[in-house]
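# Summary of the model geometry
Here's the letter readout for the chains.
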Amino acid sequence: MDWLTSFFAWLGEFFGNGENWSGPSGIPARLLEHLEFSGLALLLAVLIAVPLGLAIGHTGRGEVLVVVTANLARALPTLGLLVMFVLLLGTASIWPVIIPLVLLSVPPILVNTYEGIKAVDPELRDAAYGMGLRGGQVLGRVLVPVALPLILLGCRLSAIQVVATTTVAAYTGLGGLGRYVIDGFATKDYASVVGGSVLIVLFALVVQILFTLIQRVTVSPGVSQRLKVR
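No experiment lies behind these values; they were computed from the predicted model shown. Here the residue numbers are simple positions, counted from 1 along each chain's written sequence. For this predicted model, a pLDDT threshold of at least 70 governs which residues receive local features, and a threshold of 80 or more governs which side-chain atom pairs are given and counted, while totals over whole chains, interfaces and linings are taken from all residues. With hydrogens and water excluded, all non-hydrogen atoms of the structure serve as input to the side-chain values.

## What to know about the overall build of the chain
The secondary structure listing takes helices from DSSP runs of H or I that are at least 4 residues long and strands from runs of E that are at least 2 residues long, numbered from the N terminus. Broken down by element type, the chain carries ten helices and zero strands. Ordering the α and β elements of the chain from the N terminus gives α-α-α-α-α-α-α-α-α-α. Only protein chains enter the accessibility calculation, which uses a 1.4 Å probe; a residue is then buried when its area is under 20% of its type maximum, exposed when over 50%, and partly exposed in between. Here the chain, with 230 residues, has 41% of them falling under the buried criterion. Residue exposure ignores everything except the shown protein chains as possible cover, and the areas themselves are Shrake-Rupley values with a 1.4 Å probe. Of the roughly 12,400 Å² of accessible surface on the chain, 68% is carried by carbon and sulfur atoms. Of note, the chain has its 14 positive side-chain charges centred 13 Å away from the centre of its 12 negative side-chain charges. His is not counted, nor are the chain ends, whereas Lys and Arg count as positive and Asp and Glu as negative. Charge positions come from single atoms, namely NZ of Lys, CZ of Arg, CG of Asp or CD of Glu.

Now the structure itself:
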């Protein structure tokens, strides 16, 4: 149990150090940086993947793109992408970090959005067309509300993945919670390593809870009940 004692000792040392709560290297500042990187990457991924997934799911055109994207998501190495974009773009901006994060975030959102639209009962589509609705109206008023749970699932998976992998931003000299982990290993400051890791895990849990609340608020009770029945 020595490792457990050491773990809590390092945790107490990290969070009990007043210097870790102020200044540009303090927890609030690092947390804000992590939120900035994660939020921007997720926002760009949503803006790219959701409209694309809706269009492909509704029209059936470009379905091969979804398959290719899903396979790429399993093969793309985060650190490799990061190093490549740092070499191409330098470290003068946050884009060498944001671009790899966006590329890793798009597939889950795209695939779940597409699958959500495709999974809508064909009879529901036909009923919407029978009521006089057309193309975009059917998509916006009928298909999207029914597919929303899967769309939000894709966003939640991407958000958690982004929060976890934003840690690699520290490799480029940028900030974020990963700074504690990377710098801690470099200087053998294990209190910082443990504290930073715990903060990243807690951040991911908060994101999970936030998306659960968003789903409860935005998804129609009828759709939620239908999912429970299934």
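## As for the pattern of salt bridges
Whenever Lys or Arg places a side-chain nitrogen within 4 Å of a carboxyl oxygen from Asp or Glu, that contact is recorded as a salt bridge. Going through the model one piece at a time under the given rule, you end up with three salt bridges. The salt bridge partner of Arg30 is Glu33, with a shortest N-O separation of 3.1 Å. Highlighted residues: Arg30 and Glu33, both in helix H2 (residues 27–59), separated by three residues, approximately one helical turn. Residue Arg30 is classed as buried on the basis of its relative accessible area of 11%. The residue Asp183 makes a salt bridge to Arg179 at a minimum N-O spacing of 2.9 Å. Of this pair, Asp183 and Arg179 both sit in helix H8 (residues 178–187), four residues apart, which is roughly one turn of that helix.

## A word on the side chain of Arg30
Under this definition, polar contacts are N or O atom pairs within 3.5 Å; protein pairs additionally need one hydrogen-donor-capable and one acceptor-capable atom, and for neighbouring residues in sequence, both atoms have to be side-chain atoms. Side-chain polar atoms of Arg30 contact the side chain of Glu33, separated by 3.1 Å. Among all residues touching Arg30, those that are not within four sequence positions of it are Pro24, Ser25, Gly175, Gly176, Leu177, Arg179 and Tyr180. It only takes one pair of heavy atoms within 4.5 Å for two residues to be counted as in contact.

## Re the UniProt feature "transmembrane region" (unreviewed entry) in the chain
As annotated by UniProt and renumbered to match this structure, "transmembrane region" (unreviewed entry) occupies residues 37–57, 78–103, 138–155, 162–182 and 194–214. The span residues 37–57 carries 100% helix and 0% strand; its end-to-end C-alpha distance comes to 29 Å. Across residues 162–182, the secondary structure splits into 43% helix and 0% strand, with the terminal C-alpha atoms separated by 17 Å. UniProt positions are given in the numbering used here, feature names are shortened, and annotations may be inferred rather than shown by experiment.

## Observations regarding unusual backbone geometry
With phi around 60°, Lys188 is a residue other than glycine that occupies positive phi space. Take Lys188: it is sitting in the loop between H8 and helix H9 (190–218).

## Observations concerning the side chain of Ser38
By the secondary structure assignment, Ser38 is in helix H2. Overall, Ser38 belongs to the buried group, its relative accessible area being 5%. Those residues in contact with Ser38, other than ones at most four positions away along the chain, are Val162, Val163 and Thr166.

## Concerning the nonpolar core
Residues belong to a common nonpolar core when they are buried Ala, Val, Leu, Ile, Met, Phe, Trp, Tyr or Cys residues joined through side-chain atoms within 4.5 Å. The biggest cluster of nonpolar side chains holds 49 residues, and the ones touching the most others in it are Ile109 and Leu143. Looking at this core, the elements that each hand over two or more residues are H2, helix H3 (63–75), helix H5 (95–118), helix H7 (135–165), H8 and H9. Not counting residues up to four positions away in its chain, the partners in contact with Leu143 are His58, Ile117, Val120, Arg125 and Val138.

## Concerning the packing of aromatic side chains
Working definition: a ring pair exists when centres of Phe, Tyr or Trp rings (six-membered ring for Trp) sit within 6.5 Å. Plane angles under 30 degrees give stacked, over 60 give edge-to-face, the rest tilted. Counted by the stated rule, this structure contains five aromatic pairs. Seen from their ring centres, Phe15 and Trp21 are 6.2 Å apart, and the 45° between their planes marks the pair as tilted. For Phe15, a relative accessible area of 26% puts it in the partly exposed group. Taking the relative accessible area as the measure of exposure, Trp21 reaches 43% and is therefore partly exposed. By way of ring pairs, the aromatic residues Phe14, Phe15, Trp21 and Tyr180 are connected into one cluster.

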